[in-house]
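Summary of the model geometry
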Amino acid sequence: VAYSGTYEITPEGIMHHVKASSFQNWVGTDQFRYADVVGDTMTVKTPPLKGPPDGKMKVTTLVFKRLD
C-alpha cells in the first residue's frame, strides 16, 4: 500500500489526508494511525480493522528507525 498527502499530528496519533493512493478508494479520505516515538524509533499502527481473506481483526505496524 502506498499513499501520499498532508497530515496532522493529533493528541491520539497522526491523521493522514490522502491525496493519492494505490487504493483508489482511499483518495480524498482521512486515514488515522497511532504513533509512538521512543528514542530514534517511531512505531505507527493502524486501528484494528477486519482484513481479508478471513475477516479477522488485524493491526498493521510500521517501524521507522532514524539513521545517522
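Going by the structure above, here's the rest.
Scope of this entry: the structure provided in the associated data block. The structure displayed is predicted, hence computed values, not measured ones. (Residues numbered from 1 in each chain as written. Predicted model: local features only at pLDDT ≥ 70, side-chain atom pairs only at ≥ 80, totals over all residues. Heavy atoms only, no water.)

Let's talk about the sheet that holds strand β2 (residues 14-21)
Selection rule: When DSSP finds two or more bridges between two strands, those strands count as paired. Runs of E in the DSSP output that reach at least two residues are strands. Runs of H or I that reach at least four are helices, and both are numbered from the N terminus. Lines fitted to C-alpha atoms define the axes here, with helix axes fitted over just the stretch in contact, and angles between the N-to-C directions of these axes take values from 0 to 180 degrees.
Read from one edge to the other, the open sheet built from five strands follows the order β1-β2-β3-β4-β7, with strand pairing classed as antiparallel. Sheet topology places β1 (3-9) and β7 (61-65) at the edges, where each strand pairs with a single neighbour. For this sheet, the mean angle separating the axes of adjacent strands, direction not counted, is 30 degrees. Pairing of strand β3 (residues 30-38) with strand β4 (residues 41-45), which is carried by five bridges, proceeds in the antiparallel orientation. Following the sheet pairing, Tyr34 is matched in β4 by Lys45.

What about the side chain of Thr46?
To keep it simple, the criterion reads: Nitrogen and oxygen atoms within 3.5 Å of one another constitute a polar contact, given that in protein one can donate a hydrogen and the other can accept it, and given that sequence-neighbouring residues count only through two side-chain atoms. Here a residue-residue contact requires only that any non-hydrogen atoms of the pair lie within 4.5 Å.
Residue position: Thr46 is located in the loop between β4 and β5 (49-50). Within polar-contact distance, the side chain of Thr46 engages the backbone nitrogen of Thr60 at 2.9 Å. Once you skip the residues sitting within four places of it in the chain, Thr46 turns out to touch Arg33, Tyr34, Lys58, Val59 and Thr60.

Some remarks on the packing of aromatic side chains
For any pair of aromatic rings, geometry is given as the distance between the ring centres together with the angle between the planes. What counts here: Here a Phe, Tyr or Trp ring, Trp counted by its six-membered ring, pairs with any other such ring whose centre lies within 6.5 Å, and the pair is stacked when the planes are under 30 degrees apart, edge-to-face when over 60, and tilted otherwise. Buried, partly exposed and exposed residues are distinguished by accessible area as a fraction of the type maximum, computed with a 1.4 Å probe on protein chains only: under 20%, between the cut-offs, and over 50%, respectively.
Inspection of the entire model under this criterion finds three aromatic pairs. An angle of 65 degrees between the planes, with centres 5.4 Å apart, marks the rings of Tyr3 and Trp26 as edge-to-face. Taken as a pair, Tyr3 in strand β1 and Trp26 in the loop between β2 and β3 lie far apart in primary sequence, 23 residues in all. What makes Tyr3 partly exposed here is its relative accessible area of 30%. On the numbers, 4.9 Å between centres and 90 degrees between planes, the contact of Phe32 with Tyr34 is edge-to-face. Residue classification places Phe32 among the buried positions, given a relative accessible area of 17%. Residue Tyr34 is classed as partly exposed on the basis of its relative accessible area of 42%. Members of the aromatic cluster, connected to one another through ring pairs, are Tyr3, Phe23 and Trp26.

Focus on the environment of Gly51
Mapped onto the fold, Gly51 is located in the loop between β5 and β6 (57-58). Distance in space between the C-alpha atoms of Gly51 and Phe64 is 23 Å, their sequence separation being 13 residues. Beyond its immediate stretch of four places on either side in the chain, Gly51 contacts Lys56 and Lys58.

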